Amino acid sequence: MESTLICVLLLLNTHINSGHSEDADGVVKAVLTIHPNSSQIFRGESVTLRCDIQGGGVTEWKYTWRKNGNSDSSSTKNEHEVSAAEFSHSGDYRCLGSHQQQDSKWSDAVRLTVTPLPKATLTVKPNPVFPGETVTLTCSVGSDSSWSYQWYKDRNYNVVSQSGYSNNGVSHISRAGVSDQGQYWCEGNRVSRPTSSQPSDPVTLTVEALPKTTLTVKPNPAYTGEKVTLTCSTRPDSSWNYQWYKDWNYNVVSQSVRHTIPGDTFTISRAAESDKGQYWCEGNRVSRPTSSQPSDPVTLTVKALPKTTLTVKPNPAYTGEKVTLTCSARSDSSWNYQWYKDWNYNVVSQSVRHTIPGDTFTISRAAESDKGQYWCEGNRVSRPTSSQPSDPVTLTVKDNQPSTTLTSDKEDVFTGDSVTLSCTVESSGWKFYWYRHRPDSTPVPTTSGYSNTLSWVSVSDGGQYWCRAGRGYPVYYTLYSDPVQINITERPVSVLTLQPNWTQIFIRETVTMRCDIQGGGDTDWQYEWYMNGYSVYSNTKPEYRISPVYRPNSGSYTCEGVKGNKFSRISEAVQLTVSDQPQPVLSISHQWLNPGDSVTLSCGVKELSTDWRFSWYRTVPYRAGLPSLSDKSYSLQPLSDNVTSEDSYTLIPAGPTPTGGYVCRAGRGDPVYDTLYSEPQFLWSGDLQPSVSLTVNPNRTQHFRSKSLSLSCELKGNSTGWRLKRYTETAWPSECPSTWRSITESTCTITSLDTWYSGVFWCESGSGEYSNAVNITVNDGDVILESPVHPVTEGDSVTLTCTFRYQETNPNPKTDFYKDGELIKNETTGEMTIPTVSKSDEGFYKCKSGQGESPESWVTVRVVAPGSSTSVLVGVVVGVLVAGVLLVILLVLLVRYKNRKGSCFNRTFWPPQPQSTNQDPQQDQGSTQGQAPDTVYTCLHGDTNIYDTINPSDHHDNDAAGASAAGPSHVTYAQIQLKKLDKKKKEKRNYPEENPVYSEVKTGKATAAAGPVAVTYAEVDLQKKTKAKKKRKTATPPEAESVYSLVKPYTAPAAAGPVDVTYADVDLQKKNKAKKKRERATPPETDSVYSRLKPRSCPGP
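Because the structure is a prediction, the values reported are computed rather than measured.

The rules behind each value
Residues numbered from 1 in each chain as written. Predicted model: local features only at pLDDT ≥ 70, side-chain atom pairs only at ≥ 80, totals over all residues. Heavy atoms only, no water. Helix = DSSP H or I, 4+ residues; strand = E, 2+ residues; numbered from the N terminus. Buried < 20%, exposed > 50% of the residue type's maximum accessible area, 1.4 Å probe, protein only. Contact = heavy atoms within 4.5 Å. Areas by Shrake-Rupley, 256 points an atom, 1.4 Å probe, with all protein chains shown as cover. Pairing = 2+ DSSP bridges. Salt bridge = Lys/Arg side-chain N within 4 Å of Asp/Glu carboxyl O. Disulfide = S-S within 2.5 Å. Axes fitted to C-alpha atoms, helices over the stretch in contact; angles between N-to-C directions. Core = buried A, V, L, I, M, F, W, Y, C linked by side-chain atoms within 4.5 Å. pLDDT = per-residue confidence, 0-100. Phe/Tyr/Trp six-rings, centres within 6.5 Å; stacked < 30°, edge-to-face > 60°. Lys NZ or Arg CZ within 6 Å of the ring centre and 35° of its normal.

A. Just the overall build of the protein, in detail. Assigned secondary structure in the protein consists of two helices and 89 strands. In the protein, buried positions account for 43% of the 1101 residues. Looking at the protein alone, contacts between residues at least 24 apart form 65% of all its contacts between residues at least 6 apart. Total accessible area computed for the protein in this model is approximately 57,500 Å², and 50% of it derives from carbon and sulfur atoms.

As structure tokens, this is what we get:
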């Protein structure tokens, strides 16, 4: 049919091309042709429809295409192409040519038929397949043999290229494996149309595993001699035959006498050790699959029969003792046992002494006949039915009672120690009994072991000990041991002492720890020292010396003595605390000095420490070679009597004011261990000095913050190198720093004050001289008090001015002035004037107004000393007073001597100066003026003679109040001797006898606040009483130990004026026994004690 359609189309095309393209009416007709010119177009092929119009004289046609009479499309091309034919393209097609001059007639309908491609068919045999089998894949497209084929797997559209595949329609997989399973399909292709077919439907190839055999072994484990059956099965098919393998050698197990293979079983009739190992099996048959997988290996274990164990207790045994033989086959209790003796294989039978309860064989009373070799064997119903016989045990029976031996690890011990007693016997299985004092007493303890430890023994635990052993039931006892003596004494005590015994130790000091054993003797001890529980030192000597000591040596120390295996009691712990090198703190009783005042320096070491000796220094400008402070700001010059045991040092000014810096240091031990130097403390004076003076501009002590201040050192002598110094509570003394001043030579200007500039300022020379000091206060408020910078002189006029920061806004505010916290005056001018200032005006002043309150300032008043004319007058008065005093003394001695055995004189001691704080300048000045001295009255008893000797002399005294810087003083000496008066016989009192009292009367000048005063000294010598033997001779005063009494006219400060006071220097002589002749004593010139003499009546006898 296909060839016939092609012939018709060719004839039609020939007719059209021959020129018959017009109808009878002369209208051109279109001719439609299809290319390829085939009666069958396959899906996917390319098809071209061509519309030809010939004749008519028109060449540029527009073509219209119509499918199935209802769909038109236009084109200028005479061809319509379908690139890939689909079933939807099937239908009847016509075409028409159009031109503006004429249209052609429609072509005849031409049918286009699209048919599907032929489909390939795939078959797979066998499927499923077992591993190792051959698989055949067959692909075909109808009955046409002109096709070749492509093979595909798992939808990856890649041609299968493995070996075993062919393109002739049949492919083979020779040995199928798991990797071969999956989806397969095929496709045909050829040269003629259609060139390819549709792919086949996919076919899934399944590769199934070979059936696996299962091996079972029963019983397993097996005991030697038992029957073992091995069974192999391949479920569910029973048509298999089996091969048996052992120990992976792939050799088939062959049959033998003991090995048979009936069907699917392998039987071992009598298992032996050689049968153990790994077994597996494999099935095979005629039908597919022809073989199975080998079974998993099973290990056959062949065990020996359980072996019984025989125990004999006790062994050896003693005649009469109970013996128990126990037979056991592991933990199973289902066994019965047979008993054998002496390898005769005869079962031991029961008797009166022999019983067999269960697994035991009991000999109630052992005898010599029971000794020998025993063994046993088990049997039961379940497998294994019998056991191996036990190893033989030889029972030994002895006919003697055993003995024990007692020993002790220590015989001489200390209380608190432990002692171990050991009791030994030649065999085992015994309990031990321990006895004290008597062997037949009740046992102290009973132990299962052979040792008994006595812990923490006391003295009462001492004495004799015994032991014995027993075993079995009823108990069979050994003999008693020999006694052992234990001696227990009190443990000696270790005492640890620290030398030196200071609670605080400092680095680089030397420490010695001594360990004394009390109650333990002094020889043969080894001494052990511990720190915080760890051993640090061991020695045969009782001392442990640490030199030098450092902070890591701090800790809790103990010691003990060791002598062999004995130890003393550990000592009580001694805490050693090592601190850094201490720095003492120096304090000054008052830092602002009044002329004539004494000042006390106090040096304290803050840490709890003792036995210090203190060294005292005065600061001087730094000089190499002298001890210096660490920053080399000052060198240190020792004071006189530099080292003291007391922590205080008193400066008694004599001559120039001792202003300046002071430093202390403490030391202790031998060799001496020194602390650091203290920070320097300064002693200041507000009085102008002869060498230099410090001036302040503005000339006041209080200043406003942010204002300027200029300080200048004004030189008055040849001193050079003056520096301005400053001291505050929180800052080290410093020179005028460049950060807050402009300086020209000895002038420092602070351009903008702040409150932290408050402090004490002074000038200091390169040679160590000091100027007056000024206490500057910078106030952050709006009110200050202008007061004198330097002390004022008594009688001068003083004006205090209250100044305000904003003075121009309120020039004359109402102002209240206060002294020592109490309101003293109201002023409207802001000023308060004291026209004639006196000592009573000294104190703290401040002012207060509506604008605020000023800080307090101290005003110091100096008292004027008397002039030279006054000195002459005072000298006359002193002379009269001295004569009056001497006369009074003579009268008192003459009148009172009959009723009393002594005469009276009084002594006045001046109290120490009060202390003041560092920040209140001048507040302590003059604090002792106007106070009456303390007076001590002394009566002299005994026989006295009175001699009066007056010698003019010049004397320069070193007393601070008795010497003047201006020149020498005139001194008059008076020697007074008191002589005993005889009550029965009166004698003239103008003959010198025993015990003279000498009074040295001196005239001198005392320095006061205003000037020198005349002073008279009186020396009184009290001689000891000596007994006259035959004849009294004129007594010669002794030469030693005179007591001088300074007689001084004293001017006491008061509002009205001076008061004259007389002092007497009294020398109390020791009592000396006269032998033959006494010589007249010469009053000494040293060691004077000054007292104030007052006329006073002595109390009655």
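Structure's up, so let's keep going.
B. Representation of the pairing of strand E3 (residues 47–52) in the model. As paired elements, strand E1 (residues 31–35) and E3 share five bridges and run antiparallel to each other. Along E3, the bridge assignment pairs leucine 32 with cysteine 51. Alignment of E3 against strand E6 (residues 79–82), held across four bridges, turns out to be antiparallel. Along E6, the bridge assignment pairs arginine 50 with glutamate 79.

C. Inspection of the pattern of salt bridges at higher detail. All told, the structure shown has 33 salt bridges when counted by the stated rule. Here lysine 29 ties to aspartate 108 by a salt bridge, and the two come within 3.0 Å at their closest N and O atoms. Remark: aspartate 108 occurs in the loop between strand E7 (91–98) and strand E8 (110–112) and lysine 29 occurs in the loop between helix H1 (2–17) and E1; sequence separation between them is 79 residues. Owing to a relative accessible area of 24%, lysine 29 belongs among the partly exposed residues under this scheme.

D. Summary view of the state of the cysteines. All told, the structure shown has nine disulfides when counted by the stated rule. Sulfur-sulfur distance for the disulfide between cysteine 423 and cysteine 467 comes to 2.0 Å. The S-S bond linking cysteine 423 to cysteine 467 shows a torsion near 80°; that makes this disulfide right-handed. Of this pair, cysteine 423 sits in strand E36 (residues 419–424) while cysteine 467 sits in strand E40 (residues 463–471), and the two are 44 residues apart along the sequence. Judged by relative accessible area, cysteine 423 falls into the buried class, the value being 1%. The exposure class of cysteine 467 is buried, given its relative accessible area of 0%. The partner cysteine of cysteine 603 in its disulfide is cysteine 664, sulfur to sulfur 2.1 Å.

E. Spatial organisation of the sheet that holds strand E32 (residues 393–395). One open sheet holds the three strands; their spatial order is E28-E31-E32, and the pairing between them is antiparallel. Whereas interior strands pair on both sides, the edge strands pair on one side only; in this sheet they are strand E28 (336–341) and E32. For this sheet, the mean angle separating the axes of adjacent strands, direction not counted, is 35°. Bridging between strand E31 (residues 372–379) and E32 involves three bridges; their strand directions are antiparallel.

F. Region of interest: the nonpolar core. If you look at the biggest cluster of nonpolar residues, it comprises 41 residues, and the most contacted ones within it are Met513, Trp529, Tyr557, Leu576, Leu601, Trp616 and Leu651. With four residues, the top contributor of residues to this core is strand E45 (residues 511–518).

G. Quick peek at the pairing of strand E67 (residues 747–750). Where burial is concerned, the two faces of E67 differ: the one with Cys748 and Ile750 is buried and the one with Thr747 and Thr749 is not. Pairing geometry for strand E63 (residues 709–715) and E67, over four bridges, is antiparallel. Across the sheet, residue serine 710 finds its bridge partner in E67, namely threonine 749.

H. Expanded view of the side chain of serine 615. In this fold, serine 615 is placed in strand E55 (residues 613–621). With a relative accessible area of 13%, serine 615 lands in the buried category.

I. Up close: the environment of threonine 48. Considering the arrangement of structural elements, one finds threonine 48 in strand E3. Since its relative accessible area comes to 16%, threonine 48 is described here as buried. Residues threonine 48 and valine 82 lie 34 residues apart in sequence; the distance between their C-alpha atoms is 6.2 Å. Beyond its immediate chain neighbours, meaning those up to four positions away, threonine 48 contacts Thr33, Ile34, His35, Glu79, His80 and Glu81.

J. Geometry of the environment of threonine 385. In this fold, threonine 385 is placed in the loop between E31 and E32. When its relative accessible area of 45% is taken as the criterion, threonine 385 is described as partly exposed. Between the C-alpha atoms of threonine 385 and leucine 305, which are 80 residues apart in sequence, the distance is 9.0 Å. Leaving out residues up to four positions away in the same chain, threonine 385 has contacts with Trp335, Gly378, Asn379 and Arg380.

K. The arrangement of the confidence of the model for the protein in detail. In this model, the protein carries an average pLDDT of 76, and 73% of its residues clear a pLDDT of 70 or more. In this model, residues 1–21 is a region of pLDDT below 50 whose contacts with residues beyond four sequence positions or in other chains number 14 contacts. Within the model, pLDDT remains below 50 along residues 901–1101, and this stretch shows 549 contacts once partners closer than five positions in the same chain are excluded.

L. Main features of the sheet that holds E3. Taken together, the three strands give an open sheet; going across it, the order is E1-E3-E6, and neighbouring strands pair in antiparallel fashion. The open sheet is flanked by E1 and E6, the only strands paired with a single partner. In this sheet, adjacent strand axes meet at a mean angle of 15° when their direction is disregarded.

M. Spotlight on the packing of aromatic side chains. Going through the model one piece at a time under the given rule, you end up with 29 aromatic pairs. Relative to tryptophan 762, the ring of tryptophan 684 lies with its centre 5.7 Å away and its plane at 50°, an arrangement referred to as tilted. Of this pair, tryptophan 684 sits in the loop between strand E60 (681–683) and strand E61 (692–697) while tryptophan 762 sits in strand E68 (residues 759–764), and the two are 78 residues apart along the sequence. The buried category is assigned to tryptophan 684, whose relative accessible area is 2%. Here the guanidinium or amino end of arginine 668 rests over the ring plane of tryptophan 502, the centre of that ring lying 3.4 Å away.

N. Molecular detail of the side chain of asparagine 779. The residue asparagine 779 is located in strand E69 (residues 774–779) in this model. Owing to a relative accessible area of 13%, asparagine 779 belongs among the buried residues under this scheme. Excluding residues within four positions of it along the chain, asparagine 779 makes contact with His703, Phe704, Arg705, Ile784, Arg805, Glu853 and Pro855.

O. A look at unusual backbone geometry. Asparagine 127 connects to proline 128 through a cis peptide bond whose omega is 5°. Along the chain, proline 128 falls in the loop between strand E10 (121–125) and strand E11 (135–140). Cis geometry marks the peptide bond from arginine 193 to proline 194; its omega dihedral reads -10°. Note that proline 194 resides in the loop between strand E14 (182–189) and strand E15 (203–205). Look at tryptophan 456: it is not a glycine, yet its phi comes out positive at around 50°. The residue tryptophan 456 is located in the loop between strand E39 (451–454) and E40 in this model. A relative accessible area of 71% means that tryptophan 456 is categorised as exposed. Phi at aspartate 820 is positive, roughly 50°, even though this residue is not glycine.

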